Structures are given as structure tokens and as C-alpha cells.
Amino acid sequence: MAPIISATQQLPLVSHAFSYSKPTRAGFSLLQPHILHSNKALFYSRSNFRPLKAILNSPSLTKVAGDAKEKEEALTLRDICLGHVPEHVLRRVAEVGYVVPTDVQKQALPVLFSGSDCILHAQTGSGKTLAYLLLIFSVMNTQRSAVQALIVVPTRELGIQVTKVARMLAAMPTENEAGQKSCTVMALLDGGMLRRHKSWLKAEPPTIVVATIGSLCQMLEKHLLKLESMQVLVIDEVDFMFNSSKQVSSLRKLLTSYSSCNSRQTVFASASIPQHNRFLYDCIQQKWTKRDVVHVHVNPIEPMPTRLQHKFVICSKKQRHQTLLSLMLSDTPKSGIIFVGEQSEKSKKAGNAPPTIDLVDFLKTSSWGCSEILLLEEDMNFNSRAASLSEVRQGGGYLLVATDIAARGVDLPEITHIYNFDLPRTAVDYLHRAGRTGRKPFSDEKCYVTNIIMPEERFVLQRYENELMFNCEELFL
Ligand SMILES: Nc1ncnc2c1ncn2[C@@H]1O[C@H](COP(=O)(O)OP(=O)(O)OP(=O)(O)O)[C@@H](O)[C@H]1O
């Protein structure tokens, strides 16, 4: 076991790592080093993909892992990134206030810098964006005029946000560092001005592209965007993308036809990867990633951030508006999101107003006067969607009435209250809606998720509680 322990001391902590190759009896020497580091590693056979052994649980190994963990806990983001990420980016990282790495950054960055393909699987609000952006900045060569990294996101809103963080990190100091060209970031998003992007792409390709899959494929089909120099491909909210009938075929094409997994480093990120073992298997089988892809799964036994408090109120369908108002008047949230279900096709055909608009109208004419009420939903045009989000980002108190379009990735750290006016359709949707609050990584401020349910929905909520391992407390108004 000695070689395993010494390998362990030098390697990052990975809570669960999976290898697709079989360990030999002669001391696991053929295993990838990152796999040896976990004190609970599972190894899978090539033939049947079932766990062969759970090993490395000896007390001595646990102690070594514990010592290594203490050392790692003292590391700053700068320590982890030094020698990989350019100095001016590290300075920006510190200026913005990112000093201590979050768990996912601590665990994933060494794996990412080693060049491995990676599945970043960590709670909402845990800092996955910064982790993959730092990898991108570590491989960028700004002297080359070519697209070197591509980040694919499911919605325009998330794309705008990721672009903003990437540009903020890429910003050069005013006294331009000697000979350094700055890195350019293009947002190629649905609803954007594709004509302007075409001229930009023809004139000089950007270093990083943040794209929604529809706009991206248009550019690829017209050969306006070329991916032969792409070194890093990130698919954010990967489970959502694979689940979306509109996006999945283009996504598969991007992963296998427009570029090859052998010529790029592939990173998939999400807070939820249902059936992650199956997904990992598919990644290898379908050649979306290389065979030695690493699954960095942070805190697997707690999919939901622990500082969220979950509550529910039972009422009849007719009482829901009034119940919501009473809840808000007693909570007086400064900023929050009220999630409403999408309008059914039947209701659209009948010419009814969407339930979101009904709710906004109700709140505007009610006794609620504490903060501004804003709307965000798919059917709004892109300009109005952008206006709503930019208003909320300018600070001040607000309540955003939204459909699930706001449930994925959107980062509004000031939000303390989430109201599910309609229960989400799945546990995964619940996880992402709830995760729009509690987004300050090192804060222990309590944040609240309140569900307004009808009596017959209690068992659905109970199912989500079991699946996501949280507890929901009943409120009596
Ligand atoms: N090291 C850090 N120190 C302090 N704040 C950080 C750090 N890393 C990230 N953050 C902040 O944490 C918040 C959440 O980060 P991010 O949006 O990347 O989460 P995420 O893991 O992608 O969540 P989701 O799964 O919901 O998309 C952001 O406001 C970001 O600025």
C-alpha cells in the first residue's frame, strides 16, 4: 500500500473518483493518480460497469488523507492557480474578492489543470463557473487569433452572466502588461445580433465564445466559426441540455462531429446529474469525453445547500394568491423569486393570460408595497427579458415573478427568499429553483424556500424531500 499513500499526499482531494480501467492485483499501479487519492474510491470493470471493490479505507490512509486535507484547507485560490493562471487574471480574482477557494474549486482545479476531462458535480452556488473559467485562462494563448475555448449554456440569461464574469477576469490593467494581448470574449446567444457577430468573427475570432446551442450551430453550419483550435469545451447545466428535446441533437453533434474529444479538454458542469454513473458510462461510450474522465462529485450526500430552510403551507387553489401575499407580508423579503408554472397549451389556446401575468397584476394591486415587482418568462421578447434581469442586478429590493427560465444558473446573491407558487415538476427542478438563494459561498445567513401547495400535493413534496434529503416544515397562517 505504500505507493498509494505517497501518491495520496501529493494529490488533490476528490470525494469520489471513478476509473473505467480495472486495477491490477499488483498494487493498483495502473490506476490514474487522481483515483488513488480518495479514501473512498470505487473501481469499475471494463465489461459490466459494476463496482468491483470499495477500497482504501484503512485508518492509516485516512490519517494521511486527513493531514493532506488540513494543508489543502489553508490554500488560497492564488496558491492553487499559481503557475497555471496568468498573473493579471490572478490579480483580478483577488480584487473581486475571490481569495479562499470553495470546495469545488479546491477539488476540481488541480484535476482541471492536469488536463483531464472533468464532470463538475457540486451544489448550486458553489462556484463552478469560476473553476472552469480559471481552467480556460490557464490554457489561453492570447497571441493566437483563434477560438480557444467554448462555453455552451442553456439560456441567454446564463450566457450574459458567464460572459460578464469572463470579461471581468480578462480585463487588462490600464498600464497594459508588456506585450500582452487581451483575451476577447464573444457572447453568441439566442436573440443577439448575429449579423454583428458574423463581421466580428470574420475580422478577428474571439479567444473565448459563450454560446447557446442554437446560435452556435448557425455559425458552425455557415462555417463562420471554426473550432479546430478549441482547447477547452465547457457544457454548463449539462443535464438540462441533454434533457431538452430542442437542444440534445445539436449538442451531440457539437461533441462528436464538430470537434473530437481527443483534441480538446471537455468539462461538464451541473448541480444535478441524475444517474451520474450511467452518464459517465455514456460520456466514454459516445466519445463525449476521453476514457479517463474524472467525476468530481462534491458533497454527494448533501445535494441541497444546508443553510436553506424549507417550509410549506397547505391551502386550496383559490386561496393561493392570498396565501402568498400573507406569507410575503410576514417575511418582508428584500429580494426574492416567485416561481410560477408554465402556461398550459390548452390555456394558451383558450386565450387566457399567462399565470405569471395574473400574479404580477394581483401583487401590483394588493397591499404589497415593499419592493418592486418584475417579470421574467420565456414568452417575453429578449429585450424585455434583458431589461428585467438588468434591473434586478442594479440592486435595491425586488420580487421577480418567473417561470423555470430563472431556475438554472442565474446568480443573484442578494436573494434570500424563494416562493414556489406552483410546485416544480421534478425534484431536480426543485433543487435548481431552491438554489437561486443561498449563493454567498462563505456566508451562514439563513435563506428560505416556501412552497404553497394543495393538500393533494403533499406527497409530491414529500418525494422531493426524500430524493434530495432535506426537511420541509409546515407553516400555519
Ligand atoms: N472563491 C470564491 N469566493 C467567494 N465567492 C465566490 C467564490 N467563487 C464563486 N463565488 C461566488 O459564488 C456565487 C456562485 O457561483 P456560481 O454562479 O459559479 O455557482 P454555480 O456553482 O455555478 O451554481 P449553479 O449550479 O446554481 O449554477 C457567485 O456569486 C460567485 O461570484
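Everything that follows concerns the structure shown earlier in this document.
Notes on the structure in this doc start here. (Residues numbered from 1 in each chain as written. Predicted model: local features only at pLDDT ≥ 70, side-chain atom pairs only at ≥ 80, totals over all residues. Heavy atoms only, no water.)

1. Examining the overall build of the chain
Summing up its helical and strand segments, the chain has 19 helices and 17 strands in all. Look at the contacts in the chain between residues 6 or more apart in sequence, and 73% of them connect residues 24 or more apart. (Helix = DSSP H or I, 4+ residues; strand = E, 2+ residues; numbered from the N terminus. Contact = heavy atoms within 4.5 Å.)

2. Some words on the sheet that holds strand β14 (residues 398–402)
Taken in spatial order, the seven strands line up as β13-β14-β12-β15-β16-β11-β17 in an open sheet, and their pairing is parallel. Both edges of this open sheet fall to β13 (372–376) and β17 (472–474), since each of them pairs with a single strand only. The mean inter-strand angle of the sheet, taken between neighbouring strand axes irrespective of direction, is 20 degrees. In this structure, strand β11 (residues 308–314) lies alongside β17, joined through three bridges in parallel fashion. Looking across to β17, one finds that H310 is bridged to C472. Strand contacts of helix α16 (residues 355–365): β12 (335–339), β13 and β14, with the helix running at about 175 degrees to β13, the strand carrying the most contacts. (Pairing = 2+ DSSP bridges. Axes fitted to C-alpha atoms, helices over the stretch in contact; angles between N-to-C directions.)

3. Observations regarding the sheet that holds strand β8 (residues 232–236)
Read from one edge to the other, the open sheet built from seven strands follows the order β6-β7-β5-β8-β9-β4-β10, with strand pairing classed as parallel. Each edge of the open sheet carries a strand with a single partner, namely β6 (185–188) and β10 (294–297). Here the strands of the sheet are splayed against their neighbours by 15 degrees on average, with no regard to which way each runs. Looking at chain direction, strand β5 (residues 149–153) and β8 are connected through four bridges and run parallel. Counted as the bridge partner of A149 is V232 from β8. Most of the contacts of helix α7 (residues 128–139) go to β8, to which it runs at about 170 degrees, and overall it touches β4 (118–121), β5, β7 (208–212), β8 and β9 (265–270).

4. Some details on the pairing of β11
Taken across its seven residues, β11 has five buried, putting it largely inside the fold. Relative to strand β16 (residues 447–453), β11 runs parallel, the two being bridged by seven bridges. Counted as the bridge partner of F312 is N451 from β16. (Buried < 20%, exposed > 50% of the residue type's maximum accessible area, 1.4 Å probe, protein only.)

5. Let's talk about the side chain of H121
Positionally, H121 belongs in strand β4. When its relative accessible area of 6% is taken as the criterion, H121 is described as buried. For H121, the side chain forms a polar contact with the main-chain nitrogen of I273, separated by 3.4 Å. (Polar contact = N/O pair within 3.5 Å; in protein donor to acceptor, adjacent residues only side chain to side chain.)

6. A word on the site of the ligand
Neighbouring the ligand are 22 residues, the closest being Y98, K128, T129, D411 and R439. One of the backbone N or O atoms of G127 is found 3.1 Å from an oxygen atom in the ligand. Compared with its free state, where it exposes 640 Å², the ligand has 90% of that area covered by protein. Of all the elements, α7 adds the most residues to the shell around the ligand, at three residues. Of the residues in the shell around the ligand, the class split is eight nonpolar, nine polar and five charged. (Near = heavy atom within 4 Å. Areas by Shrake-Rupley, 256 points an atom, 1.4 Å probe, with all protein chains shown as cover. Nonpolar A, V, L, I, M, F, W, Y, C, P; charged D, E, K, R; others polar.)

7. Here's the deal with the pattern of salt bridges
Close approach of charged atoms lets side chains of opposite charge pair. This structure, assessed with the given rule, holds 15 salt bridges. E445 is paired through a salt bridge with K440; the nearest N and O atoms lie 3.9 Å apart. Taking relative accessible area as the criterion, K440 reaches 36% and is therefore assigned partly exposed. One salt bridge connects E465 with R458, and the closest N-O pair in it is separated by 2.9 Å. Since its relative accessible area comes to 4%, E465 is described here as buried. A single network of salt bridges, built from pairs that share partners, joins R78, E87 and R91. (Salt bridge = Lys/Arg side-chain N within 4 Å of Asp/Glu carboxyl O.)

8. Observations regarding the nonpolar core
Across soluble globular proteins, nonpolar side chains have a tendency to be buried as a group. Grouped together as the largest cluster of nonpolar side chains are 46 residues, with contacts concentrated most on L120, Y132, L134, I136, I151 and I208. When residues in this core are grouped by element, the largest group, eight residues, is from α7. Excluding residues within four positions of it along the chain, L134 makes contact with L77, C81, V85, V89, V93, L109 and F113. Of all hydrophobic cores here, the second largest spans 36 residues; its members include A211, M230, L251 and I284. (Core = buried A, V, L, I, M, F, W, Y, C linked by side-chain atoms within 4.5 Å.)

9. A closer look at the packing of aromatic side chains
Counted according to the given criterion, the structure contains six aromatic pairs. One cation-aromatic arrangement involves R320 over F421; the distance from NZ or CZ to the ring centre is 4.3 Å. A cation over a ring is seen here: R458 above F312, with NZ or CZ 4.1 Å from the ring centre. (Phe/Tyr/Trp six-rings, centres within 6.5 Å; stacked < 30°, edge-to-face > 60°. Lys NZ or Arg CZ within 6 Å of the ring centre and 35° of its normal.)

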